[in-house]
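Structural overview for review
Below are the chains, spelled out letter by letter.
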Amino acid sequence: MVQAVYLQTYGCQMNERDSEEILGMLIAHGYAIVEREEEADVILLNTCSVRAHAEERAFGKMGLMQKLKRERPELVLGILGCMAKAQREEVFRRLPQVDLVAGPAEIYDLPDLLAGVAERRQRAERGAGAHVLAVDRKVRPLDRRPVTGYRAGRVTAFVTIMEGCDKKCAYCIVPTTRGQEVSRPVDEILDEVQQLARAGYRQVILLGQNVNSYGKRFPDGSGWVGPARRRALLQLEARNGPGEADADPRATPRLVDFPALLRAIDRKTSIDRVRFTTSHPFDAHEELFRVMAECRAVCEFLHLPVQTGSDGILRAMRRGYTTETYLAQIARLRTLVPEVAVSTDIIVGFPGETETDFEATCALMERVRYDSAFVFKYSPRPGTEAAAWPDDVPQLVKERRNQVILELQARISREKLEAGVGSEVEVLVEERNRRGQLTGKSRGNTTVVIEGPDTLIGELVAARVTRVTGTTMIGELADCGERLTCGSGARSH
Ligand code: SAM
Ligand code: SF4
């Protein structure tokens, strides 16, 4: 009998992409996907551990699912992803009805792991020993990546270009849960992007915890390895001109890094738009900004999380840059790509953050004038360096600082959006919203709403911005109503 699977995803875009791979793999193994928990034989949660709140949501949801299992004991419950890795056996302690706990490096084993659960049940092994726990792998085996066509969207597709993170930001659990960095080979990424373009996708979002460290380590052991070798290769590039990533990174002494990958995607595939996330400021170099200026497919949008405007807190966070170097990067970016939109992540209430530190963050935000920002209240994560320090900013203070930053950013975002009223933007139309209007994104990643027929879904159109509500631009199809084709569009936001 066909088994029905319900999968809910928490957290970042990398998790969303992992969930697509999981569903694709399960479909290939004969499972059916359902939209409601009540219809499922297998309920899986793909979880996030970045903040305690994300974990508590998953614990709460699985608690409810345990009630379903009391009525239907044959139900299989699984916790996947970062929380599985971070909490391990603790999941079984808090949620005794859960059958399977599998970390991010084990997702390709899922069909086997589910078969293992079924087998144990058949042998009528019950009790703690009947649980399946798979969390020990350090690196995801990229050579076992399943080739499945399952995607949630029809216009935009996520493409994971690397796994893991080698940074050691003092507050962050991701290096523990997602393991060591490893980059997918260039030719595999180029093939995937070209197949997506052929299948009608117009935009890809390249994913990695730190995309600017792409190419540091490939599965075959090659790569630029560390900053010293990267610098030497960069000097070579400066003499020979910028390179494109080659299919075989050993075939050439060229630097195969993120800018080179972007150039290769721009030249060798027919995808119309490329976005990427996330860029760590330590590894973002001027060549990235040049690529954004020169490659038509690469959208003029950069998410460059600063986290705080205080140098003391940046040091404690172990971010590896100062506000001065960060501001210099933003200035250089804006010189090379004047129309670029920039966003950031901010953490408020990091251990030791004083009112003066917080004011420095507000001042930096006024100075940079981001187009958008994500703000997080610091949440101690067991096992991270910062978790050993006193979480000494009171909750009420964190909440106030969070609110102040949100309001500050809302004002700046509104001012910037209003300045764009009357201008023409290139919109990639993605879908209809609940009000029946067409929505899409500008090159600068702003949501744009327009009226028009369904045939525009998946098209690049020129729209004139007539007004702004919240963080959305309201537009109308530009006079000609002409659809833009790749390479002919306006480049404003
Ligand atoms: N790799 C990305 C980078 O370096 O910017 C970000 C990945 S992280 C999953 C997304 C954001 O969550 C971070 O930029 C940070 O602002 C926030 N974050 C991470 N750990 C946190 C913690 N313990 N408490 C609050 N926010 C946190
Ligand atoms: Fe976490 Fe820092 Fe890695 Fe981003 S770069 S995932 S914040 S450790």
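Presented here is a report on the structure given in the accompanying data block. (Residues numbered from 1 in each chain as written. Chains lettered and ligands numbered in written order. Predicted model: local features only at pLDDT ≥ 70, side-chain atom pairs only at ≥ 80, totals over all residues. Heavy atoms only, no water.)

Right, let's talk about the site of ligand 2 for a bit. Lining the immediate environment of ligand 2, one finds C165, K167, C169, Y171, C172, V174, P175, Q209, H280 and R319. Across the shell around ligand 2, the residue classes break down as 6 nonpolar, 2 polar and 2 charged. (Near = heavy atom within 4 Å. Nonpolar A, V, L, I, M, F, W, Y, C, P; charged D, E, K, R; others polar.)

What the rule picks out here adds up to 6 aromatic pairs. Taken together, a centroid distance of 6.2 Å and an interplanar angle of 85° make the contact between Y171 and F350 edge-to-face. Note that Y171 is positioned in the loop between strand 8 (162-163) and helix 6 (174-178) and F350 in the loop between strand 13 (341-348) and helix 13 (355-368), a separation of 179 residues in sequence. Geometrically, the ring pair formed by Y214 and F218 is edge-to-face, given 5.6 Å between the ring centres and 80° between the ring planes. In this arrangement the basic side chain of R94 is found over the ring face of F59, its NZ or CZ atom lying 3.7 Å from the centre. (Phe/Tyr/Trp six-rings, centres within 6.5 Å; stacked < 30°, edge-to-face > 60°. Helix = DSSP H or I, 4+ residues; strand = E, 2+ residues; numbered from the N terminus. Lys NZ or Arg CZ within 6 Å of the ring centre and 35° of its normal.)

This part takes up the side chain of Q194. In this structure, Q194 sits in helix 7 (residues 186-198). Of the polar contacts made by the side chain of Q194, one reaches the backbone nitrogen of S270; its length is 2.8 Å. Contacts of Q194, omitting those with residues within four sequence positions, involve K268, T269 and S270. (Polar contact = N/O pair within 3.5 Å; in protein donor to acceptor, adjacent residues only side chain to side chain. Contact = heavy atoms within 4.5 Å.)

This next bit is on the site of ligand 1. As a matter of local geometry, ligand 1 sits amid 16 residues, with Y171, Q209, Q307, D345 and S379 nearest to it. The contact in question runs from a nitrogen atom of ligand 1 to an N or O atom on the backbone of Q209, over 2.6 Å. In this structure, D345 approaches ligand 1 through a side-chain N or O atom, which is 2.6 Å from an oxygen atom. Here ligand 1 has 560 Å² of accessible area as a free molecule, and 91% of this is covered by the chains. Breaking the shell around ligand 1 down by element, the ones donating at least two residues are strand 13 and strand 14 (372-377). For the shell around ligand 1, the class distribution of residues is 7 nonpolar, 4 polar and 5 charged. (Areas by Shrake-Rupley, 256 points an atom, 1.4 Å probe, with all protein chains shown as cover.)

Read across the open sheet, the 6 strands follow the order 2-1-3-4-5-6; overall the sheet is parallel. In the strand order of this sheet, the two ends are held by strand 2 (32-33) and strand 6 (132-134), each with one partner. The pairing of strand 4 (residues 76-81) with strand 5 (residues 100-102) spans 3 bridges and is parallel. Pairing of L80 across the sheet is with A102, part of strand 5. Against the sheet, helix 1 (residues 13-28) makes contact with strand 1 (4-9), strand 2, strand 3 (42-47) and strand 4, and its axis sits at roughly 175° relative to strand 1, the strand it touches most. (Pairing = 2+ DSSP bridges. Axes fitted to C-alpha atoms, helices over the stretch in contact; angles between N-to-C directions.)

With that settled, the discussion passes to the packing of helix 7 against helix 9 (residues 258-268). Working note: a packed helix pair is described by the angle between its axes plus the distance between those axes. As a packed pair, helix 7 and helix 9 sit with axes 10 Å apart at the nearest point and diverge in direction by 40°. Relative to helix 9, the element helix 7 lies oblique. Note that helix 7 runs across helix 9; the crossing there is right-handed. Taken together, the residues of helix 9 that come into contact with helix 7 (itself represented by V186, I189, L190, V193 and Q194) are L261, A264, I265 and K268. The residue inventory of the contact of helix 7 with helix 9, partitioned by class, reads 7 nonpolar, 1 polar and 1 charged. (Parallel < 35°, antiparallel > 145°, perpendicular 65-115°, else oblique. Left-handed = near helix turned anticlockwise from the far one by under 90°.)

Relative orientation of the contacting elements helix 12 (residues 323-336) and helix 13 amounts to 15°, with a least axis distance of 11 Å. By the angle class used here, helix 12 and helix 13 are roughly parallel. In the crossing of helix 12 with helix 13, the sense of the turn from one axis to the other is right-handed. From helix 12, T323, Y326, L327, I330 and R334 reach across to helix 13, where they touch L364, R367 and V368.

Over its 16 residues, helix 1 extends 23 Å from the first C-alpha to the last, a length consistent with the 22 Å expected when each residue adds 1.5 Å. With 12 of 16 residues buried, helix 1 is to be regarded as a mostly interior element. Listed in full, the buried residues belonging to helix 1 are M14, N15, R17, D18, S19, E20, E21, I22, L23, G24, M25 and L26. (Expected span 1.5 Å × (residues − 1). Buried < 20%, exposed > 50% of the residue type's maximum accessible area, 1.4 Å probe, protein only.)

Attention now goes to the pairing of strand 17 (residues 447-450). Both strand 16 (residues 438-441) and strand 17 contribute to a ladder of 4 bridges, which runs antiparallel. Residue pairing across strands places K441 opposite T447, the latter belonging to strand 17. What sits between the antiparallel neighbours strand 16 and strand 17 is a turn of 5 residues, in which N445 has the positive phi angle 75°.

As a further point, take the environment of E459. Note that E459 resides in the loop between strand 17 and strand 18 (460-469). The sequence separation of E459 and R202 amounts to 257 residues, and the corresponding C-alpha distance is 7.9 Å.

On to helix 13, then. Helix length check: helix 13 (14 residues) gives 20 Å between terminal C-alpha atoms against 20 Å at 1.5 Å per residue, within 8%. For helix 13, every residue scored as buried is listed here: D357, F358, T361, C362, L364, M365 and V368. Viewed along the axis of helix 13, the buried residues span an arc of 160°, placing them on a single side of the element. Opposite the buried face of helix 13, at more than 90 degrees from it, the exposed residues are T356 and R367. (Arc of directions from axis to C-beta.)

Both strand 1 and strand 2 contribute to a ladder of 2 bridges, which runs parallel. Bridging across to strand 2, V5 finds its partner in I33. Crossover handedness for the path strand 1 to helix 1 to strand 2: right-handed. Pairing geometry for strand 1 and strand 3, over 5 bridges, is parallel. Of the residues in strand 3, the one forming a bridge with Q8 is L45. (Right-handed = clockwise from strand over helix to strand, strands pointing away.)

So, about the sheet that holds strand 11 (residues 273-277). Read from one edge of the open sheet, 3 strands run 7-10-11, paired in parallel fashion. At either end of the open sheet lies a strand with only one pairing partner, and these are strand 7 (156-160) and strand 11. Mean inter-strand twist for the sheet, computed between neighbouring axes without regard to direction, equals 25°. Sheet analysis places strand 7 next to strand 10 (residues 203-207), joined by 5 bridges and oriented parallel. Considered in strand 10, the bridge of V159 is made with L206. Each of strand 10 and strand 11 touches helix 9; the most contacted strand, strand 11, lies at about 160° to it.

Keep in mind these numbers describe shape, not what the thing actually does.
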